[in-house]
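Report on the structure
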Amino acid sequence: MAESAYSLNSIELDEHELWFLLSQFGPGVIVGMGDPYQGWSKGQATRASEEAFRSLLRRRMLLPASEHEVFVPTPITKALRACHQAENTLIVQFQESGGSLVRRFFHFLDGVIL
């Protein structure tokens with residue numbers, strides 16, 4: 001699949017897939033996201049991370065580069081970088097009548113908004 005085939009408007013990741021991809025950038029603090037494996041055993045976290053990896057491969061969010069290497073297509077890398085290295089983050093918090101509190105995080109970097 002060519003990189004131009006990706007539409008960032010349609011990419012959806014669960015928290016384990018997102019955590020796996022963001023971990024490729026090294027340590028960092030992502031405003032609005034905590035470690036989804038906190039309190040899990042090492043074995044549980046490893047299995048969940050491996051499943052996230054397989055899911056990303058199946059969905060072509062990771063592409064094979066060689067027998068032992070994969071790469072993340074550029075549009076996805078740009079979006080992830082906006083989370084990991086945001087210049088600014090906007091936090092919107094609201095509560096509908098009778099509903100629970102909702103928070104949304106918008107990360108900004110080099111013209112990318114996530």
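Residues numbered from 1 in each chain as written. Predicted model: local features only at pLDDT ≥ 70, side-chain atom pairs only at ≥ 80, totals over all residues. Heavy atoms only, no water.

Regarding helix α3 (residues 74-84)
Note the following rule: Throughout this description, buried means an accessible area under 20% of the type-specific maximum (1.4 Å probe, protein chains only), exposed means over 50%, and partly exposed covers the range between. Helix numbers and strand numbers start at the N terminus; a helix is a DSSP run of H or I with at least 4 residues, a strand a run of E with at least 2. By definition, residues are in contact when any of their heavy atoms lie within 4.5 Å.
Most of α3 sits inside the fold, with eight of its eleven residues counted as buried. Close packing links the buried residues of α3 with α1 (15-23), β4 (101-109) and β5 (112-113).

Points about the confidence of the model for the protein chain
Where the model shows low pLDDT, its predicted coordinates should not be examined in detail. Counted only if it meets this: Confidence of the prediction at every residue is given by pLDDT, a number between 0 and 100.
Taken as a whole, the protein chain shows an average pLDDT of 85; of its residues, 91% reach a score of 70 or greater. Put simply, β5 is where the protein chain has its lowest mean pLDDT, 84, and helix α2 (residues 42-58) is where it has its highest, 95. A low-confidence stretch, residues 1-5 stays under pLDDT 50, and its non-local contacts, those more than four residues away or across chains, total seven contacts.

Regarding the sheet that holds β4
Threshold: Strands were regarded as paired on the criterion that DSSP finds at least two bridges between them. Orientation is described by axes fitted as lines to C-alpha atoms, over the contacting stretch for helices, and by angles from 0 to 180 degrees between their N-to-C directions.
As summarised here, the arrangement of the three strands in space is β3-β4-β5, forming an open sheet in which the pairing is antiparallel. In this open sheet, the two edge strands, each paired with only one partner strand, are β3 (88-95) and β5. Bridge count for β3 against β4 is eight bridges, and the pairing is antiparallel. When the bridges of β4 are listed, N88 appears paired with F108. The strands touched by α3 are β4 and β5; relative to β4, the strand with the most contacts, the crossing angle is about 115 degrees.

Description of the packing of α1 against α2
Here is the rule we go by: Angles are sorted into four bins: roughly parallel if under 35 degrees, roughly antiparallel if over 145, roughly perpendicular if 65 to 115, and oblique for all others. Residues are grouped as follows: nonpolar covers Ala, Val, Leu, Ile, Met, Phe, Trp, Tyr, Cys and Pro; charged covers Asp, Glu, Lys and Arg; every other residue, Gly included, is treated as polar.
In the contact formed by α1 and α2, the axes pass within 9 Å of each other and the chain directions differ by 90 degrees. The angle between the axes of α1 and α2 places the two elements in the roughly perpendicular class. Facing α1, whose interface residues are H16, E17, F20 and L21, α2 presents A48, S49, A52, F53, S55 and L56. In terms of residue class, the contact of α1 with α2 is made up of six nonpolar, three polar and one charged.

Points about the pairing of β4
In textbook terms, the turn of a hairpin is the stretch between consecutive antiparallel strands, and for β3 and β4 this stretch comprises five residues, one of which, G98, has a positive phi near 75 degrees. Bridge count for β4 against β5 is two bridges, and the pairing is antiparallel. Each bridged residue has a counterpart across the sheet, and for L109 the counterpart in β5 is V112. Between β4 and β5, which pair antiparallel and follow one another directly, the connecting turn spans two residues, one of which, D110, has a positive phi of 45 degrees.

Some points on α2
This is how the line gets drawn: The span you would expect from a helix comes to 1.5 Å times its residue count less one. Think of it as the arc spanned by the lines of direction from the helix axis to the C-beta atoms.
Taking 1.5 Å as the rise per residue, α2 with 17 residues should run 24 Å; its terminal C-alpha atoms sit 24 Å apart, in good agreement. The complete set of buried residues in α2 reads A45, A48, A52, S55 and L56. The buried residues of α2 occupy one face: seen down the axis, they fall within an arc of 100 degrees. Along α2, the residues that are exposed and aim more than 90 degrees away from the buried face are K42, R47 and R58. Residues of α2 that are buried make contact with α1. Backbone geometry just after α2 places R60 at a positive phi near 65 degrees.

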